[in-house]
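Examining the three-dimensional arrangement
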Amino acid sequence: MRKSFVCVLVGLILVVLSAIGCSPKPAPDAVVTYNEMLLNIYSFIGDVSSEFYVNESDRSGVIYFLDRLREMGVNGGGVDISGKMGARGNLDYCVAVNTVDRKIIFLTVLPQSIEIEDEEQRLQFVYLVKGEKIGLLPAKFAMSNDYSWYNNYLDEIYAFYDYCKYLGELGDALDRLGKSIDNFRIMSIFSASQSDINRANVVVAKYNEYIESYNRQIDDLQGELDKYPENIFYVEEYTINPYGVAPIPISPITIPAPFPTVDQLESQMSRIVNLNRGDFKVERVTEKNFVVSGFKIRW
Amino acid sequence: MFLIPGELIAILTFPGVVLHEFAHQVGCMLAKTKVEKVCYFRLKNPCGYVIHEQPIYISRSVIITLLPIVFGYGTTIILAICARGILWSTPFGYSPGLVFYFLIWLAFSAAMHALSSDEDIDSLWRMLAGHRQVVQVGGRFYEVSFSSPIVYRIVLFPLGGIIKLINALRPFWADAIVSFFIIAPIVGWI
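Small disclaimer: the values here were computed from a predicted structure and weren't measured. (Residues numbered from 1 in each chain as written. Chains lettered and ligands numbered in written order. Predicted model: local features only at pLDDT ≥ 70, side-chain atom pairs only at ≥ 80, totals over all residues.)

When its secondary structure is counted, chain A shows 7 helices and 8 strands. Buried positions account for 26% of the 299 residues belonging to chain A. (Helix = DSSP H or I, 4+ residues; strand = E, 2+ residues; numbered from the N terminus. Buried ≥ 20, exposed ≤ 12 C-beta atoms within 10 Å, placed from the backbone.)

This paragraph deals with helix α3 (residues 58-71) of chain A. One full turn of an α-helix is made of 3.6 residues, so residues set three or four places apart face in the same direction. Residues and elements named next belong to chain A. The end-to-end C-alpha distance of α3 is 20 Å, a good match for the 20 Å that 14 residues give at a rise of 1.5 Å each. Listing the buried residues of α3 in full gives D58, G61, V62, F65, L66 and L69. For α3, the angular spread of buried residues about the axis comes to 135°, placing them on one side. What points out from α3, more than 90 degrees from its buried face, is the exposed set D67, R70 and E71. Two residues or fewer past α3, G73 is found with a positive phi of approximately 85°. (Expected span 1.5 Å × (residues − 1). Arc of directions from axis to C-beta.)

Residues and elements named next belong to chain B. At a closest axis distance of 8 Å, the pairing of helix α2 (residues 14-30) and helix α3 (residues 58-89) adopts a crossing angle of 135°. As judged from the angle between their axes, α2 and α3 are oblique. Two packed elements cross with a definite hand, and for α2 against α3 that hand is right-handed. For the pair formed by α2 and α3, the contact residues are G16, L19, H20, A23, H24, V26, G27, C28 and L30 on the first element and I63, I64, L67, P68, F71, G72 and T75 on the second. Residues of the contact of α2 with α3, tallied by class, amount to 10 nonpolar, 6 polar and no charged. (Axes fitted to C-alpha atoms, helices over the stretch in contact; angles between N-to-C directions. Parallel < 35°, antiparallel > 145°, perpendicular 65-115°, else oblique. Left-handed = near helix turned anticlockwise from the far one by under 90°. Contact = placed C-beta atoms within 7 Å. Nonpolar A, V, L, I, M, F, W, Y, C, P; charged D, E, K, R; others polar.)

Looking now at α2 of chain B. Residue and element names in this part refer to chain B. With 17 residues, α2 ought to run about 24 Å at 1.5 Å a step, and its terminal C-alpha atoms sit 24 Å apart, in line with that. Residues G16, V17, L19, H20, E21, A23, H24, Q25, G27 and C28 constitute the buried set of α2. If you follow the buried residues of α2, they end up packed against α1 (6-12), β1 (35-39), β2 (49-52), α3 and α4 (98-112). Positive phi appears at K32, one or two residues downstream of α2, with a value of about 50°.

Below, the structure is given as C-alpha cells:
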C-alpha cells in the first residue's frame, strides 16, 4: 500500500515537473523598437557574420548573436527550424527578438563567405510560417512582419527587375536600330530614290521620339532604384517571362537588311513603348526553397 | 582489353549504387542540406543520383561528398568479416554455401561504388580552390567564395586526385582491383 502510494506520488511529481519543463517560456519583455535594435546590431554585425563563417555553424553563430544582443540589454531566443525530409537547407537556426513596435521577429546574419556590397544587408529578416517557404529579406527593407506582405513585396521587386531587364533590352534594340539608320543613310547617298530618303527621314524623326521616350523611362527608373535592396536580383530561381520581352521585334535587323517600312516600325514601336509594368508577369520557374514544417523558439 | 558496358556492371552490382546514393542522402541530412530529389537506381548514366542544395559551408560539402566512401568501404569491410566468419566455420573441403557468396557479392558491390564520382570531386575542388559558387539561404540565392582551411586542402586535394585516378582507370578494372584488394585480405584469400 505504502509502496504504491510512493509510486503514485513520484509519478505525479514527474508529471508536474515535465509539464513545467514542456510549457513554453513566455517571451522576454520588449525593450527596444525595431529600428533602434537594427542600428545597434549594425555596429557588431561584422563580428556575428565572422562567427557564422569561421565556425561553419548556424547554431554557434546564433548563440554568439544572442550573447551580443544580451550585452546591449535585449534578451532574444534561438529558433530551431525544421524542414521536410529531415534536411533543413542552409538555415537551421535563427534568432527571435521581442520588439516594442513589431512584437516577435526573426533575424539571421549571412556568413562572411557570402559576397554582399552593402554590409548592412547581412542582417536578414526571416519570415517563418509553418507550411510556407522560408522568406529572407534584408532587415532594413522588411517593413512588415506579415508573410503576405513579403510575398507581395517579392512580386513587386521581380516585376521591377523584369522592367529593368526589359529597358536594357529595349536600349540595345534602339542602338541597333540607330546603327541601321546610319547605315541606310550612307547607302542612300549612292543608291536610294527620293521616296526612300523621304521615308527614311520620317523614320529618323520617329526614332528620335522613341529615344526621348526611352530616356524619360530611364530617368523615372533612377528614382525607383533606391526603394529596393541591391543585389537582391542575383537569382536563378526567377526568370524573365519571355512573353514580356518578346514584343521587341527590331532586334533581327541586320545590316544591310532591308529597312522596315514606317508602318511596320510604328506598329512595332507602339507595342514596345506602350508596354508598362502591368504587361510583365513574374514567372517562378523552380520551387527550390523548402517548406518550414516547424520551428521552436527557446527563449 | 575486356570491356563491359557500365550499365551492365551497375546492374550486376546494383546494391552498391543504392548504398552510394543512400550515403549521399544521409550526408545531406547530417549536413542539414535539403535534398531535392533522390534516384537510388536506374538503367541510365548515371545509374543513381542525389540532387541537393549547394551547402553554405565547406565542411558540409565534404561530408556529403565523402560519406559514400565511408559507407561503401565500411560496409565492404563488415560484410567481408562476416564472410570470413562463415568461411572459417566451414569444414575444410566443403563449400561455404550460398550465404557466403551472397555476402561477397554484396561486399564487392559496395566497394565497386564506394568512390565519389568525378563530378563530386570537381565540385569539392572548386570550393577548396575558392571558386565562386551560388548558394541558397532561405529563399534567396547568393554568390559565395569559400576560403577553406589549409588542412582541408592538404588532405582533400591529394585524396581527390587518387579518386579521380581510379575513376579514370575504370576501363582497366581499377575499381574492381581495388575492391578485390580490400576484400581478399580480410576473407583470407591472400
